[in-house]
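Chains, contacts and geometry: an overview
The lines below spell out each chain.
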Amino acid sequence: VLFVFALEKRNKIILKSFLIFALFLSGSFAIKTYKTNYQKSFTVYNVPKFSAFEITNSKNNFSSIDSLLLQNESTMNFRIAQNWGYKQIKNQASIFDALNTSKIGKNKMFSYSGKKILLIDKEFSIPNIDLKVDYVIVSHSPKLYLKTFTKKITATTFIFDTSNDRIKEKYWKQDCDSLGINCYFVSDSVA
């Protein structure tokens, strides 16, 4: 509209305004495209009673989502799919098929971008070897005694997702405080 108005009125000020606006608009699109193409994130979602987390790299998404949650379309749209739209995710993949994954006893561990992430769920067992990881994701209320666990596994951060029992979380919070463990409880935040 500014361009047509500038041509019609032969006004240099309006033409300069158009050029500044066009430059600003194309710059904002370029920044958004750059951020989308080079985004890297690790998200553990707050979905009560379910476990859902993902790694995003560029426009690819590697996710681990409880099967019952995947069947609940309204909760998926409200809690997770909106974020995919915001991140402009084009490709979905199962985390265990597409990333460097290994088994440590009954536990699953995967590596991504130089970070090691250990998954602990109700099937977990303490490994026979000492292990150092960056993150431990705790889900589905395992019988986890942090004092014993941390003798074998050293982690930078423990993340407790929303599939865990709130009573167990209370005890884990106390243990984390007393042991000086860096922890994050997703139930206390958005994601």
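As shown above, the structure is provided for reference.
As a starting point, this report considers the structure included with it. Predicted, not measured: the structure shown is a model, and the values here were computed from it. Numbers given to residues run from 1 along each chain, matching the order in which its sequence is written. Confidence filtering applies because this is a predicted model: local features only for residues at pLDDT of at least 70, side-chain atom pairs given and counted only at 80 or more, and all residues used for totals across whole chains, interfaces and linings. For the side-chain quantities, the full set of heavy atoms in the structure was used; hydrogens and water were omitted.

Below, the discussion takes up the state of the cysteines. The disulfide criterion used throughout: a pair of cysteine sulfur atoms within 2.5 Å. Within this structure, the stated rule accounts for zero disulfides. Summary of cysteine pairing: Cys176 is not part of a disulfide, and the nearest cysteine sulfur, belonging to Cys183, is at 3.6 Å. Relative accessibility under 20% of the residue-type maximum defines a buried residue, over 50% an exposed one, and the middle range a partly exposed one, all with a 1.4 Å probe and only protein chains included. What makes Cys176 buried here is its relative accessible area of 1%.

Fitting axes to the seven residues ending at a residue and to the seven starting there, one defines the bend at that residue as the angle between these axes. Helix numbering and strand numbering both begin at the N terminus, where a helix is a DSSP run of H or I of at least 4 residues and a strand a DSSP run of E of at least 2. A maximum bend of about 50 degrees is found in helix α4 (residues 73-87) at Ile80. Of the positions making up α4, those classed as buried are Met76, Ile80, Trp84 and Lys87.

Once that is clear, we can look at unusual backbone geometry. Although it is not a glycine, Ser113 sits at a positive phi angle of roughly 50 degrees. Inspection of the secondary structure puts Ser113 in the loop between β6 (107-112) and β7 (115-120). Overall, the relative accessible area of 46% leaves Ser113 in the partly exposed class.

Positionally, Ser51 belongs in the loop between β1 (40-44) and β2 (52-57). Polar side-chain contacts of Ser51 include one of 2.6 Å to the side chain of Asp161. A contact between two residues is defined here by any heavy atoms of the two lying within 4.5 Å. Sequence-distant contacts of Ser51, defined by excluding residues within four places in its chain, comprise Ser64, Ile65, Asp66, Ser139, His140, Asp161 and Ser163. For the purposes of these results, a polar contact is taken to be a pair of N or O atoms within 3.5 Å, where, inside protein, one atom must be able to donate a hydrogen and its partner to accept one; residues adjacent in sequence count only when each atom of the pair is a side-chain atom.

Before going further, it helps to examine the environment of Val44. Tracing the backbone shows Val44 in strand β1. Residue classification places Val44 among the buried residues on the basis of a relative accessible area of 7%. Put simply, Val44 and Lys12 are 32 residues apart on the chain and 53 Å apart in space, counted from C-alpha to C-alpha. Beyond its immediate chain neighbours, meaning those up to four positions away, Val44 contacts Ala52, Phe53, Ile137, Ile159, Asp161, Val186 and Ala191.

A word on a nonpolar patch on the surface. Patch membership is restricted to residues that have no salt bridge and whose relative accessible area is over 30%. Joining uses 9 Å for like charges and 5 Å for the nonpolar side chains Val, Leu, Ile, Met, Phe, Trp and Tyr. We get accessible surface area from the Shrake-Rupley algorithm with a probe of 1.4 Å; when it comes to residues, only the shown protein chains can shield them. Basic side-chain nitrogens of Lys or Arg form a salt bridge, by our definition, when they fall within 4 Å of a carboxyl oxygen of Asp or Glu. On the surface, a nonpolar cluster with roughly 440 Å² of combined accessible area is contributed by Phe3, Val4, Leu7, Leu15 and Leu19. Of all the secondary-structure elements, those providing two or more residues to the nonpolar patch are α1 (2-9) and α2 (12-37). Residue contributions to the nonpolar patch peak at three residues, all from α1.

Pairs can form between side chains of opposite charge whenever their charged atoms are close. Considering all chains together, one arrives at three salt bridges under this definition. Notably, a salt bridge pairs Asp130 with Lys152, separated by 3.6 Å at the nearest N-O pair. Of the two residues, Asp130 sits in the loop between β7 and β8 (131-138) while Lys152 sits in helix α6 (residues 146-152), which places them 22 residues apart along the sequence. Here Asp130 falls in the exposed class, since its relative accessible area comes to 59%. The partly exposed category is assigned to Lys152, whose relative accessible area is 28%. A salt bridge links Glu169 to Arg166, with the nearest nitrogen and oxygen atoms 3.3 Å apart.

As far as function goes, none of this settles anything; it's purely spatial.
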